[in-house]
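Next come the chains, spelled out residue by residue.
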Number of protein chains: 2
Amino acid sequence: MRTVLFTLFSVCLVFTTSSSAFEYFQPLPEKPIIPNDNPQTKEKIALGKQLYFDPRLSLNADVSCNSCHNLAAGGDDDGAVAHMVNRKIKRSAPSLWNVGYLSTYFWDARAASLEEQAIEHLFDPNIMAMGSPTILENRIKSIPGYVDSFKQVFNDKKVSTENIAKALSAFERTLTVPNSRYDQFIKGNKSALNEKEQRGMDLFKNKGCLGCHFGVNFAGPAPGPALKMGDAFYELMPTIRGSLYEDKYDFLDDQGVFHHTLNDEHRLFWRVPPLRNITDSAPYFHNGSVKDLHEAVRVMDRVQFNYGVNEKEVDDIVSFLKTLTGIYPPITLPRLPETEGSTLTH
Amino acid sequence: MRTVLFTLFSVCLVFTTSSSAFEYFQPLPEKPIIPNDNPQTKEKIALGKQLYFDPRLSLNADVSCNSCHNLAAGGDDDGAVAHMVNRKIKRSAPSLWNVGYLSTYFWDARAASLEEQAIEHLFDPNIMAMGSPTILENRIKSIPGYVDSFKQVFNDKKVSTENIAKALSAFERTLTVPNSRYDQFIKGNKSALNEKEQRGMDLFKNKGCLGCHFGVNFAGPAPGPALKMGDAFYELMPTIRGSLYEDKYDFLDDQGVFHHTLNDEHRLFWRVPPLRNITDSAPYFHNGSVKDLHEAVRVMDRVQFNYGVNEKEVDDIVSFLKTLTGIYPPITLPRLPETEGSTLTH
């Protein structure tokens, strides 16, 4: 696990002063950057898809990754906070769509890669609760179909926690949702957005939203020349204290990155959440306290800038945000390897 | 709801005396019989698939039909008893594969059609827990994509509980798993089963199993000329009392059909469970008390016949049972209609 966090900008607001903000509008690349130590192969992706949909990856075989990060929907669940199986999780399940274009994982950016976040999910007692790598590996080793697949997919042929995380990550890196109307517009089709949506896009830039929500995933810099994998890009939220929204939506209750670093300077810092397909991942904010996208825009204006955007401007910005929803790829349900004439967990 | 049960045979054991038992081996028809009042349409099946995978059909939006009847696996869950979300269900989740070929539903045959069982699942406080038809219908009506689909699919254009059940059932009737090696054999390809498997098939007939487990789904007569939809075909289990297995596997704890009819003559009667794809739906029996298929065969011999089959015979029978697993059709995950910028349940 990474222990040192690199904060690229103390408050990402600095970007709003840039004179060339428009370049921060970028289309979604066809594929995310693939780490050298986990190359994509067809077989690895297929194995990762099985694991992603397999409830046996949780101790009681009651939830799979897909239970909270539902690929039939926005890649998240319908709840304010991840709410499966009486788990006590105080943060909202983020969407897994386009997840390969991020540089850090979890709301507080505490994992530097998809592989790291997978491992943390598997052993978190409130999530998959697998107890230990030995418990997890013995579980998977008792399913003959998986043992065969790991042999074929990995050079070391091992059912190891590291390989489980690699396979899951390989699948998750395929979850690209391309070709939103925004992408068409950015690539040159100027009729892809109507007048209202373009007005919203201008407001998104001029009212400061773009200061943090820029780049291919509207989550700050994507991994690449500008940012190493694992480098975090934070925003302080709320930046402007004392608004009524603080109490109404409990924004001071969870101190964000601080809980992870225990560094007082990180109180109320959060990874900048991506905005693609935002229409499909209500409710909003780390605690899922706001259901409506208009209200989310009002809140962000008040607690980050206090410009006082009016309702027409809010509506224009929401119109623009709606154009960020792309074309979801079809997902064929995997066939999970069975334990013939036996069962693992009950 | 149907209130009168028709018991076709008081103990299905009578069939073992038939001199033409072989005709009870039947291949799986291409499609199940479709009820006149719920014709299949492409659009209805697509809607039913969305509903099947949608956790918002449960009160807390935490389980979908697929949570316990997982189509990525054997159409059931991995547990002895359905174990999602702390529900208290004392019976094992049966497979939904080939479910259209049954004449009754639930272990105790208390529903006469797929439509009836869907409604019962939706309102059972231990399953989907929707409280009332009004709660369910208001939930679905608040999802614009569903409202549009119901308008297109049903003549009355209504989001009604009845139509929800019809759409779910239409999808479930497509869950056919054809072309097992057994089916190939029955259709004339005599090399589809090896010698051991054919020996198992003969034992299956001659040791009495076929007495109850005959027909297209090995669950007794399928709906058709011989049996109206809703007519139940029961077996008494255990038939022979006093074996050690009774206690070991708790076979007297749940009195089966009696709980539903309150008729003392129905104590320990159960719908004959189908055997297709049995390798993929461990553990076995209504309470999921037996994990291993060999043990399940031993138990059935002891508590139903007491012939004392030997271990070689058990192994032959299991070999035959393994040939009943067919080719699962690919299932593409549906896209669930979203509630843009809002959420329903949390």
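Below or above, wherever it landed, is the structure these notes cover. Values in this document were obtained by computation on a predicted structure and should not be read as measured data. (Residues numbered from 1 in each chain as written. Chains lettered and ligands numbered in written order. Predicted model: local features only at pLDDT ≥ 70, side-chain atom pairs only at ≥ 80, totals over all residues. Heavy atoms only, no water.)

**Some details on the overall build of chain A**
Using the following cut-off: Each helix is a run of DSSP H or I of at least 4 residues and each strand a run of E of at least 2, with the numbering of both proceeding from the N terminus. Residue contacts are counted whenever heavy atoms from the two residues lie within 4.5 Å of one another. Surface exposure here means Shrake-Rupley accessible area, sampled with a 1.4 Å probe, where a residue is shielded only by the protein chains that are shown.
A tally of helices and strands in chain A yields 13 helices and two strands. Within chain A, contacts between residues at least 6 apart in sequence are counted, and of these 70% link residues at least 24 apart. A total of about 14,100 Å² of accessible surface is found on chain A, and carbon and sulfur atoms cover 53% of it.

**Here we look at helix 1 (residues 42–52) of chain B**
Where we set the bar: Buried residues are those whose accessible area, probed at 1.4 Å on protein chains only, stays under 20% of the maximum for their type, while exposed residues exceed 50% and partly exposed ones sit between those limits.
Lys44, Leu47, Gly48, Lys49, Gln50, Leu51 and Tyr52 of chain B are the residues of helix 1 of chain B that are buried. For helix 1 of chain B, the elements touching its buried residues are helix 2 (65–68), helix 4 (133–141), helix 5 (144–153) and helix 6 (161–172) of chain B.

**Overview of the pattern of salt bridges**
For side chains of opposite charge, pairing can occur when their charged atoms come near one another. Going by this rule: By definition, a salt bridge exists where a carboxyl oxygen of Asp or Glu is found within 4 Å of a side-chain nitrogen of Lys or Arg.
Inspection of every chain in the model, using the stated rule, returns 38 salt bridges over all chains. The closest approach of N and O atoms between Arg110 of chain A and Glu120 of chain A, which form a salt bridge, is 2.5 Å. Of this pair, Arg110 of chain A sits in the loop between helix 2 (65–68) and helix 3 (114–123) while Glu120 of chain A sits in helix 3; the two residues are ten residues apart in sequence, bridging distant segments of the chain. Of the two residues, Arg110 of chain A and Glu120 of chain A, neither departs from the other in class, the shared state being buried. The closest approach of N and O atoms between Asp54 of chain B and Arg56 of chain B, which form a salt bridge, is 2.9 Å. Arg56 of chain B sits in the buried class, given a relative accessible area of 5%.

**Quick word on helix 6 of chain B**
Residue and element names in this part refer to chain B. The criterion, for reference: Under the convention used throughout, the expected extent of a helix is 1.5 Å for every residue step, that is, one less than its residue count.
Compared with the 16 Å implied by 1.5 Å per residue over twelve residues, the 16 Å span of helix 6 between its first and last C-alpha is a close match. Among the twelve residues of helix 6, eleven are classified as buried, and the element is accordingly described as predominantly covered. Among the residues making up helix 6, those that are buried are Thr161, Asn163, Ile164, Ala165, Lys166, Ala167, Leu168, Ser169, Ala170, Phe171 and Glu172. Residues of helix 6 that are buried make contact with helix 1, helix 2, helix 3 (114–123), helix 4 and helix 5.

**Re unusual backbone geometry**
If a residue is not glycine, its phi is most likely negative; likewise, a peptide bond is most likely trans. Here the residue pair Met237 of chain A and Pro238 of chain A is connected by a cis peptide bond, since its omega of 0 degrees sits within 30 degrees of zero. Mapped onto the elements of the fold, Pro238 of chain A is located in the loop between strand 1 (234–236) and helix 10 (244–248). Its identity as a non-glycine residue notwithstanding, Leu268 of chain A has a phi of 65 degrees, on the positive side. Note that Leu268 of chain A resides in the loop between helix 11 (258–261) and strand 2 (269–271). Among the residues examined, Leu268 of chain A registers a relative accessible area of 5% and is labelled buried. Although it is not a glycine, Phe218 of chain B sits at a positive phi angle of roughly 55 degrees. Within the secondary structure, Phe218 of chain B sits in the loop between helix 9 (209–212) and strand 1 (234–236). Note on Phe218 of chain B: relative accessible area 0%, which makes it buried.

**Comments concerning the nonpolar core**
The cut-off we apply is this: For our purposes a nonpolar core is just a set of buried Ala, Val, Leu, Ile, Met, Phe, Trp, Tyr and Cys residues, chained together by side-chain atoms within 4.5 Å.
Core analysis: the biggest nonpolar cluster contains 86 residues, and Leu51 and Leu71 of chain A together with Leu51 and Leu71 of chain B have the highest contact counts within it. In this structure, Leu71 of chain B is in contact with Leu333 and Arg335 of chain A together with Tyr52, Phe53, Asn66, Leu96, Trp97, Phe171, Leu175 and Ile331 of chain B, ignoring residues within four places of it in sequence.

**A closer look at the packing of helix 1 (residues 42–52) of chain A against helix 6 (residues 161–172) of chain A**
Relative placement of two packed helices is described by the angle separating their axes and the distance separating the axes. Residue and element names in this part refer to chain A. Put simply, the test is: Only the stretch in contact is used when fitting a helix axis, every axis being a line fitted to C-alpha atoms; angles between N-to-C directions are given from 0 to 180 degrees. Any angle that is under 35 degrees is reported as roughly parallel, and any over 145 degrees as roughly antiparallel; angles of 65 to 115 degrees are reported as roughly perpendicular and all others as oblique. Each residue is assigned to one class: nonpolar for Ala, Val, Leu, Ile, Met, Phe, Trp, Tyr, Cys and Pro, charged for Asp, Glu, Lys and Arg, and polar for all the others, Gly among them.
Running from N to C, helix 1 and helix 6 cross one another at 100 degrees; their axes reach a closest spacing of 7 Å. Classified by the angle between their axes, helix 1 and helix 6 sit roughly perpendicular to one another. Residue-level contacts link Lys44, Ile45, Leu47, Gly48, Lys49, Leu51 and Tyr52 of helix 1 to Ile164, Lys166, Ala167, Leu168, Ala170, Phe171 and Glu172 of helix 6. Residues of the contact of helix 1 with helix 6, tallied by class, amount to nine nonpolar, one polar and four charged.

**Considerations on the packing of helix 12 (residues 293–305) of chain A against helix 13 (residues 311–322) of chain A**
Residue and element names in this part refer to chain A. Keep this limit in mind: Whether a crossing is left-handed or right-handed is set by the direction in which the near helix is turned from the far one by less than a right angle, anticlockwise for left-handed and clockwise for right-handed.
For the pair helix 12 and helix 13, interaxial distance at closest approach is 9 Å and the crossing angle is 115 degrees. As for the relative orientation of helix 12 and helix 13, their crossing is right-handed in sense. Each of Leu293, His294, Val297 and Arg298 in helix 12 lies in contact with helix 13, whose residues at this interface are Glu311, Val314, Asp315, Ile317, Val318 and Leu321. Residues of the contact of helix 12 with helix 13, tallied by class, amount to six nonpolar, one polar and three charged.

**Looking at the packing of aromatic side chains**
Residues and elements named next belong to chain A. We count it as follows: For Phe, Tyr and Trp, rings pair up if their centres lie within 6.5 Å, where Trp contributes its six-membered ring, and each pair is then called stacked (planes under 30 degrees apart), edge-to-face (over 60) or tilted (otherwise). In this scheme, the term charge over a ring applies when either NZ of a lysine or CZ of an arginine sits within 6 Å of the ring centre and within 35 degrees of the ring normal.
A complete count under the given rule lists 41 aromatic pairs over all chains for this structure. The rings of Phe25, Tyr182, Phe204, Phe218 and Phe320 are connected pair by pair, giving a single aromatic cluster. Here the basic side chain of Arg110 rests over the ring of Phe106, its NZ or CZ set 3.8 Å away from the ring centre.

**Some details on the state of the cysteines**
Residues and elements named next belong to chain A. Here is the rule: In this description, the term disulfide denotes a pair of cysteine sulfurs within 2.5 Å.
Under the counting rule described, the total for this entry stands at zero disulfides over all chains. The structure places no disulfide on Cys209, whose sulfur is separated from the nearest cysteine sulfur, that of Cys212, by 9.5 Å. Classification of Cys209 as buried rests on a relative accessible area of 18%.

**A closer look at the environment of Ile331 of chain B**
Here Ile331 of chain B shows up in the segment after helix 13 (311–322). Excluding anything up to four places from it in sequence, Ile331 of chain B contacts Ile331, Thr332 and Leu333 of chain A together with Lys49, Phe53, Leu71, Trp97, Phe171 and Leu175 of chain B.

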